[in-house]
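Tertiary structure, described
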Amino acid sequence: MTEREYNECVTTYADNVYRFILKNLRNEEDARDVVQTAFEKMWIHHDEVDASKSKSYLFTVAYRQMIDHIRKVKRIQLKEEFNENVKVQNRPANNLKKILDEALARLGETQRTLVLLKDYEGYSYEEIGQITNLSESQVKVYLHRARVQLKEYLVKVENVI
Amino acid sequence: MSKIENMIINRHNYEECFILYWDNELSASQKQVVENFVKENQDLEEEFTILGQTRFVPDNNIQLEKKEFLLNNSFINITNYEEQLLNYIDDEVTADQRKEIERFTAQYSVVKQELSLLQKTKLQPEAEVVFPDKSILYRRDEKVRVISMTWFRVAVAAAIILIAGFATFRLINSKNGDTSSFAKIDNTKDQLSDKKTDQSISNPSEKISKDTKNDLVNTDKKSTNEQPTDKKNLKRTDDEAVVPNTLIAKRENKNNLPEERKNINQQPDNMNTTGDGIIAEATVLIKKDDRTAQANQPDAINTGFEKSDVTLKANPTLYIPEQEEREKGGIKEFLRKTTRVFERRTRIQTTTDDNKLLVGAFAVSLK
C-alpha cells in the first residue's frame, strides 16, 4: 500500500470505521482513540498491506483494538444475554430507529458487532468471520440469534405501543 | 333370536350388534345375521337406520391446497423458512434462492409479515456520524533514499569535501588579509598624506583622506593654507618631536606597499610599524587637538609606552568586530543558501514538521 492509497483509505473508510466503533463503545473519545490507533497501525504496516484488502485490514485492526480497549477500561459490561428488563416509557410510535438503537444496545458485544458489520458495511459471513476471528457458521448462528432478538424486541415494543 | 358366532342377538343386546354393524366390525356372515334380525323385528328397523346415519362420511371436496411447502426436499418450507428469511435479509442467498424465497413469501401472509419484521431490524449507516478530524490520520511518507557508496565514491566525496573546506578556509583568510591590508593602506595613505603635507600641504585631495578627523584637520588646514611657512615649520617640528627619524625613514620605504606587507608578515616585531602608523595618526590628531597642550606637556605624548597603549586600544575597537561579523554572516548565509538550493532541487525538506533536522542520510528525490 502506497502513501497515496493509505490516504485514500483514510478519506474513504475513516467515517465507516469510526461509526462502527462508536456504535459499539458509545463513547466518542474512546472511539476516536481506537480509530486513530488502528490507522497508525495500518500506517506502520502499510508496506505489507494489500491495498485491495485495506478496508478489511482496517476493520480487523480496529475491532481487535476495540476489544482490547473494552477489556482494559471495562466501561462496558460484556453481556451475552439479551436484556429482557426493558422499560418502555414515552416512546414515540413511529420512531423505529430509536427503538432499534435501544434493541441494539441490549445485544451482547459479539452480536452487536456482527449486526453492525453486516448492516453497516455489508460484509459477508465469511468476511465477518475473518474480522472477528469466528467461523462462518458461528457468525451465521450468532447473527441469526441477534436478528431474532431484535425482531422480538420490536414486536414487544409495538405491542406495548 | 339369531345366533352371531358365539354371540346371540336378541331384543336385549341388539343395540351393541347394530353399532358393531355400522362400525364395520362384523364379518359378512355376522352382518347377514344382523340384517335378518332387523327384518324379523320391524319395530327396530328405524333405530337401526338412525344409528347408521350417525356415521361421518369423508368430504372429498375438502382438499389441502399448496401442499408443496410441506415437502422437506424444497429449499424453503414450513420448518426452515425463518432461517431462509434471515439469510435473505443478510443477502447470503443466490439469485435463484432469492426468487424462491420471494415466491414463497408472497404465498403466505404469515411469512410475509415475518419478513417485514425482520427487515425492520436491519440497521442503516448513520451518515451524519463522521470522524471529527481526519487530518490527524493522513500521513506523509518521509523516507529518505540511502545510496550505498563504494570506496571510490567515498574517496571522491572526501576529496570534494577537502577541496571545498580548503577553498573556504582560503576565502576566509583572504578576507582577513584584505581587512588588514585595508588598515595598512589607510596607514600608508596617512603616511603618504603626511609626506605630501611635507611636500605640498595645499593639495585638497590629500586633505579628504582625513575625513574622520574633520573639524580639527580643516581648521588646521585652513591655518596651513593661510600660513604655509608656519605649517611647514610646525609639521617639521611635530615630526621631529613625535616621530623618530628612523620611523620617517621607514615610511619613506613604505611607498612600495607589497614590500611593506612582506616585511610585516616576516617580522612580527615590525607590527609596531603598523601600530606606529596609527599612533602617528593618533598623535597627529592629538597634536592638532591640543597643540598648545602638547607644547606644555610634550613628554606625556611622546613616550613610547603611551604609544603602545594607543596601539592596543586602536586595533580591536576599529576593525576586529566588523571582520568577525562579516565572517559569521558569510558562513551562515552560505549554509542557508545551500540548504535552500538543496530543498528546491530535491523537493525534500531537510527538517521535519516538528523542527527535527534530518542528519545522517543523503536524500535524493527521484522525481
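Note that this is a predicted model, so its numbers are computed, not measured. Per chain, residues are indexed from 1 in the order of the written sequence. Just so you know, chain letters begin at A and ligand numbers begin at 1, following the order they were written in. Whole-chain, interface and lining totals are the exception, using all residues; otherwise, since this is a predicted model, local features are given only for residues with pLDDT of at least 70 and side-chain atom pairs are given and counted only at 80 or more. Excluding hydrogens and water, the side-chain figures rest on all heavy atoms present in the structure.

**Here we look at the packing of aromatic side chains**
Residues and elements named next belong to chain B. Within 6.5 Å between ring centres, the rings of Phe, Tyr and Trp (the latter by its six-membered ring) count as paired, and their orientation is classed by plane angle as stacked under 30 degrees, edge-to-face over 60, tilted in between. Taken as a whole and assessed by the stated rule, the structure comprises 14 aromatic pairs over all chains. Considering the side-chain rings of Tyr-81 and Phe-104, the 6.4 Å spacing of their centres and the 35° angle between planes classify their relative orientation as tilted. A residue pair is termed long-range when its members are at least 10 positions apart, and Tyr-81 in helix 4 (residues 81-89) and Phe-104 in helix 5 (residues 95-107) qualify at 23 residues. In this scheme, a residue with accessible area under 20% of its type's maximum is buried, one over 50% is exposed, and one in between is partly exposed, where area comes from a 1.4 Å probe on protein chains only. When its relative accessible area of 18% is taken as the criterion, Tyr-81 is described as buried. Arranged with centres 6.0 Å apart and planes meeting at 85°, the rings of Trp-151 and Phe-152 form a pair that is edge-to-face. Numbering of helices and strands starts at the N terminus; helices are DSSP runs of H or I of at least 4 residues and strands are runs of E of at least 2.

**Focus on the packing of helix 1 (residues 14-22) of chain B against helix 2 (residues 28-40) of chain B**
Residue and element names in this part refer to chain B. Only C-alpha atoms enter the line fits that serve as axes; for helices the fit covers just the stretch in contact. Angles between N-to-C directions range over 0 to 180 degrees. Taken N-terminus to C-terminus, the directions of helix 1 and helix 2 make an angle of 130°; their axes are 10 Å apart at the nearest point. Classified by the angle between their axes, helix 1 and helix 2 sit oblique to one another. Every pair of crossing elements has a handedness; the one defined by helix 1 and helix 2 is left-handed. Facing Tyr-14, Cys-17, Phe-18 and Tyr-21 of helix 1, the residues of helix 2 in contact are Lys-31, Val-34, Glu-35, Phe-37 and Val-38. Each angle is binned into one of four classes, with values under 35 degrees roughly parallel, values over 145 roughly antiparallel, values of 65 to 115 roughly perpendicular, and all other values oblique. For any helix crossing, the convention is left-handed if the near helix is rotated counterclockwise from the far helix by under a right angle, and right-handed if that rotation is clockwise. Any two residues whose heavy atoms approach within 4.5 Å at even a single point are treated as in contact.

**A short note on the confidence of the model for chain A**
Residues and elements named next belong to chain A. Across the chain, each position has a pLDDT score giving the predictor's confidence in that residue, from 0 to 100. Residues at a pLDDT of 70 or more form 84% of chain A, whose mean pLDDT is 84. Summarising per-element confidence for chain A, the mean pLDDT is lowest in helix 7 (residues 136-160) (85) and highest in helix 6 (residues 125-132) (93). The low-confidence segment residues 85-91 (pLDDT under 50) makes eight contacts with residues lying over four places distant or belonging to another chain.

**Thoughts on the interface of chain B and chain A**
Listed per partner, the contact involves 30 residues of chain B and 42 residues of chain A. Each partner contributes to the roughly 3,400 Å² buried at the junction of chain B and chain A, and carbon and sulfur atoms together form 60% of this total. When two components associate, each loses some accessible surface as probed by a 1.4 Å sphere; the sum of these losses over both components is called the buried area. Among the residues of chain B in contact with chain A, Leu123(B), Leu137(B) and Arg139(B) are the three that bury the most area, contributing 22% of the side total. We count a salt bridge whenever a side-chain nitrogen from Lys or Arg sits within 4 Å of a carboxyl oxygen from Asp or Glu. Taking the shortest distance from any N to any O, the salt bridge between Glu83(B) and Lys140(A) comes out at 3.4 Å. Think of a polar contact as two N or O atoms within 3.5 Å of one another; within protein, one of them needs to be a possible hydrogen donor and the other a possible acceptor, and neighboring residues in sequence only count if both atoms come from side chains. At the boundary of chain B and chain A, one finds 21 residue pairs in polar contact (both at pLDDT 80 or more). Residue assignment for the side of chain B that touches chain A shows that the elements contributing at least two residues are helix 4 and helix 6 (109-120) of chain B. Tallying contributions element by element places helix 4 of chain B first for the side of chain B that touches chain A, with five residues. Its residues assigned to classes, the side of chain B that touches chain A comprises 14 nonpolar, three polar and 13 charged. Only Asp, Glu, Lys and Arg are considered charged, only Ala, Val, Leu, Ile, Met, Phe, Trp, Tyr, Cys and Pro nonpolar, and every remaining residue, Gly among them, polar.

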